[in-house]
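The primary structure of each chain is shown beneath.
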Amino acid sequence: MDFLKKNDTKVECQNQITIRIASMSIYLLGFFLAMFLCNCVHLLLRPLSQPRIIAESIVGLLLSNLEFVRNRFLNDNEVQQTLNYIVDAIMVCHMFVVGLEIDPNIFLQLTLPEAKVAYSGVLTTFVFACLVTPLLHISKQPNAVFSSCLAIVLAGTDSPLLTRLITDLKIGKSDIGRFIVEAGIQSDVVSILLITIGFLVFDPDRNFQNRSVKTMLKMMAILVFQTLLASKVVPSVMKWVNNENPEGKPMKGSHLVVALAFIISICSMSPIVGFSKVLSAFLVGLFMPREGRISKMMIGKVNYIFRTIFYPLFFFWVGTEAKLSEFEAGKIATWAKIVVPFLIATGGKVLGSVVSGLMLGFHWPESVATGLLLNIKGHFQVYLAINAYRMNIISMSTSIVLVFVTFLTIIYTPVVVAKIIERARKRSPTQKMALQWLNSTNELRILVCIRSSQNVFSAINFMEISRGPANPGIMVYLTDMIELTDKIAATLTQGRGVEVGAGVGVDAVTVTDPAVVEMREKITKDVHAYLNEDCEGINLQRMMALSTINNMHQDISILAEDLLVHLVILPFHKNQEEDGRLHVGHSGFRHINRKVLRNAPCSVGILVDRGLGKTVISRSSISLNAAVIFIGGKDDREALVYAGRVARHPGVKLTVIRFLVEAAGDSVSSRVGRAKSNTTEHLEEMKIDDECFAEFYDKHVAGGRVAYVEKYLVNSGQTFSTLRSLEGQYGLFIVGRGGRVNSVLTVGMSDWEECPELGPIGDILSASDFSVTASVLIIQQHSLKGELDGLHDEFSIM
């Protein structure tokens, strides 16, 4: 009998093993089937540009709610428990990597625009949610603390998902893409930290009752200990592993195991005192070092495994917990719980982004788009929604509602990005609005900006030397830059602008402030006097850029775009004093100049007036000695083309000075220069420079109209001394801002520039110790940001 019992027990064990193996095989087959279905659904959604997370959620929720699957597999408590353990481990790893990808120095960047936009969105959403969500009775037992926690969740952003979507939708390299990613990280960090603080103080397992002081102190002590280990001890272990496993060699398995085991042991400390292992993992990752092979490997490998394997499994688990059969679709309150939180989260983010965007001088459509994208929720928010049901805080139907709200914040993402690209494409010109590409049969269109009547005579003389031949002539839009203050804003009325010369500039409003009216009238009188004397070939219209300092660059760029101008001329922010020196100037106008240089849809020039406005330029005799400095690069080519127009003026004696790299000698700088000049990019630039200069030489120098000087130099030191030797010889220098490729003649100059917006050469020539009589015109050639059939990755729109 004992033998038979033993034999039966053995057979039963074998049967159990067989059943387990068969079950595991079915689970694996089902998992691969789910992966296949995810790929198929993702392909079906590709025309709508929907991200993979939507396909994963659809397959996971539907597959796990099939009656066959639920009856066959999910009623087994062991299977469900194992699935819970796996998902908890997934979220621990996920949050650890989220923290690891974030630089803890982010807390020192609170004054950055990204932080301001992120925190304003978090604040407005939090306030809206705290006011409205208690009315929805989302929790089983209404609780102010739960409402606050829900408000924080709605105010947060899933930064890893946001980063992946921004990258996949091809705007990651644009200015708005980079801005949104940085703002998303800020928003994510602050929301998770607030949830962490809330978990320290309130116990979600006991309806968010206050924890005892003793419990809070235990949790805080273990968190501090974890943080110290992560920030002080882990770097030593990581450094040792990195030194033992240099780049290029396979990493030793034992070292990898030791490093991972040490990190896991740190993450496992806080659950001992009842703190959330998920939040603990985020804090450990946040304060761990990012350098070295271990960190890079964990980020790369874990993210890859999650995207390919664990995230589909995560949404399968969501479906096992969220039984769609218990979703109360027939109740209006259920749909209100979907719509209202979604509107709160979306409206709060958009309002916060728009308000902060207005203060930062952003375009409002881009601010709205930023708010919509910062509203994205993801895996962490879904995990919290499911856990709220598991803790019996909310009902099954409400848990499903919050999951749906998360999906709603993702679905519209492709539409928002498409609108961003559409606006960028519209704002990106389809032709280069630059002098170098101007057809000789077309008139030159220039937007000349002036800040006050002090700039008017330099603007007039600039028009005079730029007029070129009477046919096709020159079109000048003389624009008054008027800072919109509270005092001036109170004097605005609707009306028309001032008629000057051959055109009429129509302003949206009229300023009746006496000081502004007097200034504009004086400018009009001086311009009339010039045009009445000799206006052949010059068409002129008066315009007005009336805006705050933060937004004036947008007005100038919009004017330039609408008027299709080829060149914008801005006055230098410093004015000349009685002793000839330039005073400190208006920093606000300096910021305007720098922003216009970044965003203008055409070429831009900055005019440093140190006597040009006082010069009487005659058409009957030489009255102005001018020089154009040509080293190479697109900006120098643009300056050279403009100088070609100046060369045609009978009252200007122009000299072109070309700086060339000395070929002889074997000094260190010479060898460096020759090495750099061998790059493909540099050779191509040199070829374009030579072609442009040869054309200029044939047109102007060969006929004797323009003087030509060559300077052979070795390094930037000789460039500096040569420029200083030109002091007192010329009344106007025309130079390119930069745009050179590896030029040994200017390398290192940018390290001690006083005004980087002028470029290295312009900065030297404009220095207060260089001259008190030489004016400088610094020109930057327009860079085409878009194409007719699309955009480059690195487009600019903000």
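All chains use their own residue numbering, which begins from 1 and follows the written sequence. In keeping with the model being predicted, local features are shown solely for residues with a pLDDT of at least 70 and side-chain atom pairs are shown and tallied solely at 80 or more, while totals for entire chains, interfaces and linings include all residues. Calculated side-chain values reflect all of the structure's heavy atoms, with hydrogen atoms and water omitted.

A few points about the nonpolar core
What counts, and what does not: Each nonpolar core is a collection of buried residues, namely Ala, Val, Leu, Ile, Met, Phe, Trp, Tyr and Cys, held together in the definition by side-chain atoms within 4.5 Å. Only protein chains enter the accessibility calculation, which uses a 1.4 Å probe; a residue is then buried when its area is under 20% of its type maximum, exposed when over 50%, and partly exposed in between. Contacts between residues were defined by any pair of non-hydrogen atoms, one from each residue, lying within 4.5 Å.
Phe-96, Met-288, Phe-314 and Val-318 are the most contacted members of the largest nonpolar core, which has 115 residues in total. Those residues in contact with Val-318 that sit more than four places away from it in its chain are Leu-61, Val-382, Ile-386 and Val-403. Of all hydrophobic cores here, the second largest spans 55 residues; its members include Val-516, Ile-538, Ala-639 and Val-646.

Some points on a nonpolar patch on the surface
The cut-off we apply is this: Patch building starts from residues that exceed 30% relative accessible area and form no salt bridge, then joins like charges within 9 Å and nonpolar side chains (Val, Leu, Ile, Met, Phe, Trp, Tyr) within 5 Å. Note on areas: Shrake-Rupley, 1.4 Å probe, and residue coverage restricted to the protein chains presented here. Salt bridge criterion: a side-chain nitrogen from Lys or Arg within 4 Å of a carboxyl oxygen from Asp or Glu. Segments assigned H or I by DSSP are reported as helices when at least four residues long, segments assigned E as strands when at least two residues long, and all are numbered from the N terminus.
Among the surface-exposed residues, Leu-123, Val-127, Phe-128, Leu-131, Leu-351, Val-355 and Met-359 lie close enough to one another that they form a single nonpolar patch of about 650 Å² accessible area. Of all the secondary structure elements, the ones that give two or more residues to the nonpolar patch are α5 (113-132) and α13 (332-360). Here the nonpolar patch gets four residues from one element, more than from any other, and that element is α5. Within the secondary structure, Phe-128 is located in helix α5. Phe-128 sits in the partly exposed class, given a relative accessible area of 32%.

Overview of the sheet that holds strand β4 (residues 474-483)
The condition is simple: At least two DSSP bridges between two strands are needed for those strands to be called paired. Only the stretch in contact is used when a helix axis is fitted, and all axes are lines through C-alpha atoms; the angle between N-to-C directions ranges over 0 to 180 degrees.
Spatial ordering of the open sheet is given by β9-β4-β3-β10-β11-β16-β15-β12-β13-β14, a layout of 10 strands whose pairing is mixed. Unpaired on one side and paired on the other, β9 (538-547) and β14 (707-713) mark the two borders of the sheet. With strand direction ignored, the average angle separating the axes of adjacent strands in the sheet is 20°. Examined bridge by bridge, β4 and β9 share 10 bridges and lie parallel to one another. Along β9, the bridge assignment pairs Thr-479 with Met-543. Together, β3 (444-450), β4, β9, β10 (567-571), β11 (603-608), β12 (624-630), β13 (652-661), β15 (732-736) and β16 (775-780) form the strand contacts of helix α18 (residues 456-466), whose direction differs from that of β3 by roughly 165°. The strands that helix α21 (residues 552-563) touches are β3, β4, β9 and β10; relative to β9, the one it contacts most, it runs at about 150°.

Re the pattern of salt bridges
In the structure shown here, the tally under the stated rule is 14 salt bridges. The partner of Glu-443 in a salt bridge is Arg-445, with the nearest N and O atoms 3.1 Å apart. Residue Glu-443 is classed as partly exposed on the basis of its relative accessible area of 22%. A salt bridge links Arg-619 to Glu-464, with the shortest nitrogen-to-oxygen separation between them at 3.0 Å. Taken as a pair, Arg-619 in the loop between β11 and β12 and Glu-464 in helix α18 lie far apart in primary sequence, 155 residues in all. Taking relative accessible area as the criterion, Arg-619 reaches 39% and is therefore assigned partly exposed. Here Glu-464 falls in the buried class, since its relative accessible area comes to 5%. One salt-bridge network, held together by shared partners, links Glu-464, Arg-467 and Arg-619.

A few points about the packing of helix α8 (residues 175-201) against helix α9 (residues 213-244)
Short version of the rule: For classification, angles of less than 35 degrees are called roughly parallel, those exceeding 145 degrees roughly antiparallel, those between 65 and 115 degrees roughly perpendicular, and all remaining angles oblique. Charged means Asp, Glu, Lys or Arg here, nonpolar means Ala, Val, Leu, Ile, Met, Phe, Trp, Tyr, Cys or Pro, and polar covers whatever is left, Gly included.
As a packed pair, α8 and α9 sit with axes 8 Å apart at the nearest point and diverge in direction by 140°. Here α8 is positioned oblique relative to α9, judged by the angle of their axes. Contacts from Phe-199, Leu-200 and Val-201 of α8 reach α9 at Met-216, Met-219, Met-220 and Leu-223. Broken down by class, the residue content of the contact of α8 with α9 amounts to seven nonpolar, no polar and no charged.

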